[in-house]
Amino acid sequence: VAAAMAAERGLAMVTCTAPVNIAVIKYWGKRDTDLILPINSSLSVTLHQDQLKTTTTAAASRDFTEDRLWLNGKEADVGHPRVQACLREVRRLARKRRGGGEDAAALSLSYKIHIASENNFPTAAGLASSAAGFACLVSALARLYGLEEELSEVARRGSGSACRSMFGGFVQWQRGERPDGTDSLALQVAPEMHWPELRVLVLVVSGEKKPVGSTAGMQTSVETSPLLKHRAEVVVPERLAQMMQHIQDRDFEGFGQLAMRDSNQFHATCLDTFPPIFYLTDVSRHIIALVHRYNTHHGHTKVAYTFDAGPNAVIFTLADTVAEFVEVVRRSFPPATNGDQFVRGLPVGSAALSQELLAAVVTEPMPGAVQYILHTKPGPGPQLVDDPSQHLLGADGLPRSRA
């Protein structure tokens, strides 16, 4: 409605937010690099947008002379093939929906488009920024053109994992069988309210760009790793079914163990790639060892790690364990200077650690190795922002100066 009302004065604007997702059964490897079709299905948890989100404003006007794109305030290449793929697909669906005829109230498809996008977290630091970014782009464009249909397939054309950010909660990206990719899409396995006690701690080891981007890395793996082939064909189908069952049952022991095993196998396929790819650092490995010592001390799986294509750890746990484990991390990686800024996101209570736990779990502290901890939880899919003051573009279609 808003877009239609604005259409007569030649400017329509929509702002959406979209979430980051963290895979617990990993996607690594495409069978079609053009359509972005994966060699295996994957499963992820969508994180809450109060802590991690992309915001995107899309505007269309008869006065715009060219498509333009701004990322985090800087103009970027709107001609990027994946951005173009999303634009093309959304416009194609809009045309199809209108049955070829121009609806007078609807936004003209010939208008050029301006897009501004901002993350409230570091881009390309292994925090799934491309997933949130493309999910957000597609959500905003779809709203602008009045589309309602299945959009995860369009988001997939921007970034494979972006299709999973089109839903909240627990999400499966189905591999699909068809060569045209029409059955390679995301489905919600369970909503975010399904497991209210589940919590997520992101241990930010580094906000730097990764050494080998995911796109290049995974294709080298497809070409050279026999382990990856075995993983996709044999291991993942079984694990996917198990993981969906653990989520249904809210079985943290099963969920946590399988998440750790799958993360480890993903990184093993990176090592099995030739030449090998190293995403985990010394600090990442210290975090892994710490998690195992902590669980061993307690006699069961209370915390579980997973790592994407980068050194940052994502820790799953239940609400009643957060305070104690955060204190364990603080003792193991004493913050250099930002003691007050060390824990961000949802509030974390204080916890006293027993001497026994300290002796068993906190063995050799590495000061300053973890920059900060972000405490969050599962959350919903993309949201429309109703408040016009939140638009990233002004009435002239250019980025607002952000105070």
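Residues numbered from 1 in each chain as written. Predicted model: local features only at pLDDT ≥ 70, side-chain atom pairs only at ≥ 80, totals over all residues. Heavy atoms only, no water.

Visitor: How should the packing of helix H8 (residues 282-298) against helix H9 (residues 322-332) be read in this particular structure?
Guide: To describe two helices that pack against each other, one gives the angle between their axes and the distance between the axes. Put simply, H8 and H9 touch, their axes get as near as 12 Å, and they point 130° apart. What the angle tells us is that H8 and H9 run oblique. Handedness of the crossing formed by H8 with H9: right-handed. Facing H8, whose interface residues are Leu290, Val291, Tyr294 and His298, H9 presents Glu324, Phe325, Val328, Val329 and Ser332. Partitioning the contact of H8 with H9 into residue classes produces 6 nonpolar, 2 polar and 1 charged. (Axes fitted to C-alpha atoms, helices over the stretch in contact; angles between N-to-C directions. Helix = DSSP H or I, 4+ residues; strand = E, 2+ residues; numbered from the N terminus. Parallel < 35°, antiparallel > 145°, perpendicular 65-115°, else oblique. Left-handed = near helix turned anticlockwise from the far one by under 90°. Contact = heavy atoms within 4.5 Å. Nonpolar A, V, L, I, M, F, W, Y, C, P; charged D, E, K, R; others polar.)

Visitor: It is not clear to me how the domain arrangement of the chain should be interpreted in this structure. Could you clarify?
Guide: Accessible area lost upon the coming together of the parts serves often as the stated size of an interface. Domains assigned within the chain are domain 1 (1-191 + 385-390) and domain 2 (198-376). Just the C-alpha atoms count here: the centres of domain 1 and domain 2 sit 28 Å apart. Summing both partners gives a buried area of about 3,100 Å² for domain 1 against domain 2, and 72% of it is carried by carbon and sulfur. Scanning the region where domain 1 abuts domain 2 turns up 1 salt bridge. A salt bridge links aspartate 308 to lysine 26; the shortest N-O distance between them is 2.5 Å. Scanning the region where domain 1 abuts domain 2 turns up 8 residue pairs in polar contact (both at pLDDT 80 or more). When residues of the side of domain 1 that touches domain 2 are traced back to their parent elements, those giving at least two are strand S2 (21-25), strand S5 (42-46), strand S10 (170-173) and strand S11 (186-190). (Domains from an automatic or database assignment. Buried area = accessible area lost by both parts, 1.4 Å probe. Salt bridge = Lys/Arg side-chain N within 4 Å of Asp/Glu carboxyl O. Polar contact = N/O pair within 3.5 Å; in protein donor to acceptor, adjacent residues only side chain to side chain.)

Visitor: Got a minute to help me understand the side chain of threonine 15 in this structure?
Guide: Note on placement: threonine 15 falls in strand S1 (residues 11-19). Under the relative-accessibility criterion, threonine 15 is labelled buried at 1%. In this structure the side chain of threonine 15 is engaged in a polar contact, spanning 2.5 Å, whose partner is the side chain of histidine 391. If we ignore the near neighbours within four places in the chain, the residues touching threonine 15 are Thr55, Thr56, Thr57, Gln383, Leu384, Val385, Gln390, His391 and Leu392. (Buried < 20%, exposed > 50% of the residue type's maximum accessible area, 1.4 Å probe, protein only.)

Visitor: Can you walk me through the pattern of salt bridges in this structure?
Guide: Pairing is possible between side chains that carry opposite charge, provided their charged atoms lie close to one another. Following the criterion strictly, the structure yields 11 salt bridges and no others. For glutamate 177, the salt bridge is made with arginine 175, and the minimal N-O distance between the two is 3.4 Å. Measuring nitrogen to oxygen at the nearest pair gives 3.6 Å for the salt bridge that ties glutamate 327 to arginine 330. In this pair, glutamate 327 and arginine 330 are both assigned in helix H9, 3 residues apart and thus about one turn of the helix distant. Residue classification places arginine 330 among the partly exposed positions, given a relative accessible area of 27%.

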